Amino acid sequence: LDKDVVLDGERAEAVCKSTVASLGPKQRREYKNASVKTIATELLSPDTKAVCVLSNLAVSPNARRRGIANVLCDEAEALASDWGYSQMHLLVEEENTAARSLYEGKLGYQLDFRKEEDIGLRADLEEGVFQEVTVPTLVLSKNL
């Protein structure tokens, strides 16, 4: 992956939607329920590639160190493989050493690049909402 040309999820979705919207009615129906991978492969420029990204994985502090994150990652990887992806990417905050230990140590993910400023989510349990914060984030990947 080239960090200079990776689109965030919202922008990538907008590109796919506008591409399908620009088609004629018959073609739009053909792609109405198509996967992002299909749309990218068949309708976007050859240098555009859909990738599978896992982000915002969180386990409650009360349930940590029980293998839950490992199981969730295994399931996400299985889904990505079922959907035809040969590689899985994931985002992890640079300072989250526990998660990085799992991803890089146990699960075999490797660093692709670092994003100096990315959006991280924090749960405000009193208010029952998520708050966005700016944090350095690492993009890791592994072959499936």
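The text that follows walks through the structure, step by step, so that each part is easy to find.

The rules we used
Residues numbered from 1 in each chain as written. Predicted model: local features only at pLDDT ≥ 70, side-chain atom pairs only at ≥ 80, totals over all residues. Heavy atoms only, no water. Helix = DSSP H or I, 4+ residues; strand = E, 2+ residues; numbered from the N terminus. Disulfide = S-S within 2.5 Å. Contact = heavy atoms within 4.5 Å. Patch = residues over 30% accessible without salt bridge, like charges linked within 9 Å, V, L, I, M, F, W, Y side chains within 5 Å. Areas by Shrake-Rupley, 256 points an atom, 1.4 Å probe, with all protein chains shown as cover. Salt bridge = Lys/Arg side-chain N within 4 Å of Asp/Glu carboxyl O. Buried < 20%, exposed > 50% of the residue type's maximum accessible area, 1.4 Å probe, protein only. Phe/Tyr/Trp six-rings, centres within 6.5 Å; stacked < 30°, edge-to-face > 60°. Pairing = 2+ DSSP bridges. Axes fitted to C-alpha atoms, helices over the stretch in contact; angles between N-to-C directions.

With that out of the way, let us pick up unusual backbone geometry. Backbone geometry follows two general trends: most residues other than glycine have a negative phi, and most peptide bonds adopt the trans configuration. One non-glycine residue, Asn-56, lies in positive phi territory at about 60°. Mapped onto the elements of the fold, Asn-56 is located in the loop between strand E1 (52–54) and helix H4 (68–82).

This part covers the state of the cysteines. For the coordinates displayed, the defined rule picks out 0 disulfides. Lacking any disulfide linkage, Cys-16 is separated from the closest cysteine sulfur, that of Cys-52, by 14 Å. Looking at Cys-73, it has no disulfide partner, and the nearest cysteine sulfur is the one in Cys-52, 12 Å off.

On to the environment of Ile-39, then. By secondary structure assignment, the location of Ile-39 is in helix H3 (residues 36–43). Measuring from C-alpha to C-alpha, the distance between Ile-39 and Asp-8 comes to 17 Å, with 31 residues separating the pair along the chain. Setting aside its immediate chain neighbours within four residues, Ile-39 contacts Cys-16, Val-20, Tyr-31, Ala-34 and Leu-44.

This part takes up a nonpolar patch on the surface. Nonpolar side chains collect at one region of the surface, where Ile-119, Leu-121 and Phe-130 lie side by side and expose about 310 Å² of accessible area between them. Relative to the elements of secondary structure, Ile-119 occurs in strand E3 (residues 110–124). For Ile-119, a relative accessible area of 46% translates into the label partly exposed.

Let us look at the pattern of salt bridges. The tally for this structure, following the rule as stated, stands at 7 salt bridges. Close ionic contact of Arg-122 with Glu-93 constitutes a salt bridge, the shortest N to O distance being 2.8 Å. Here Glu-93 lies in strand E2 (residues 87–93) and Arg-122 lies in strand E3, a separation of 29 residues in the sequence. Note on Glu-93: relative accessible area 22%, which makes it partly exposed.

This paragraph deals with the packing of aromatic side chains. In the structure shown here, the tally under the stated rule is 1 aromatic pair. Ring plane angle 70° and centroid distance 6.2 Å describe the contact between Tyr-103 and Tyr-109, whose orientation is recorded as edge-to-face. Here Tyr-103 and Tyr-109 have matching classes, each one buried.

This paragraph deals with the sheet that holds E3. Taken in spatial order, the 4 strands make up an open sheet running E1-E2-E4-E3, and their pairing is mixed. In the strand order of this sheet, the two ends are held by E1 and E3, each with one partner. Between one strand axis and the next, the sheet turns by 35° as a mean value, whatever way the strands run. Those strands touched by helix H5 (residues 97–106) are E2 and strand E4 (129–143), and its axis lies near 160° from that of E2.

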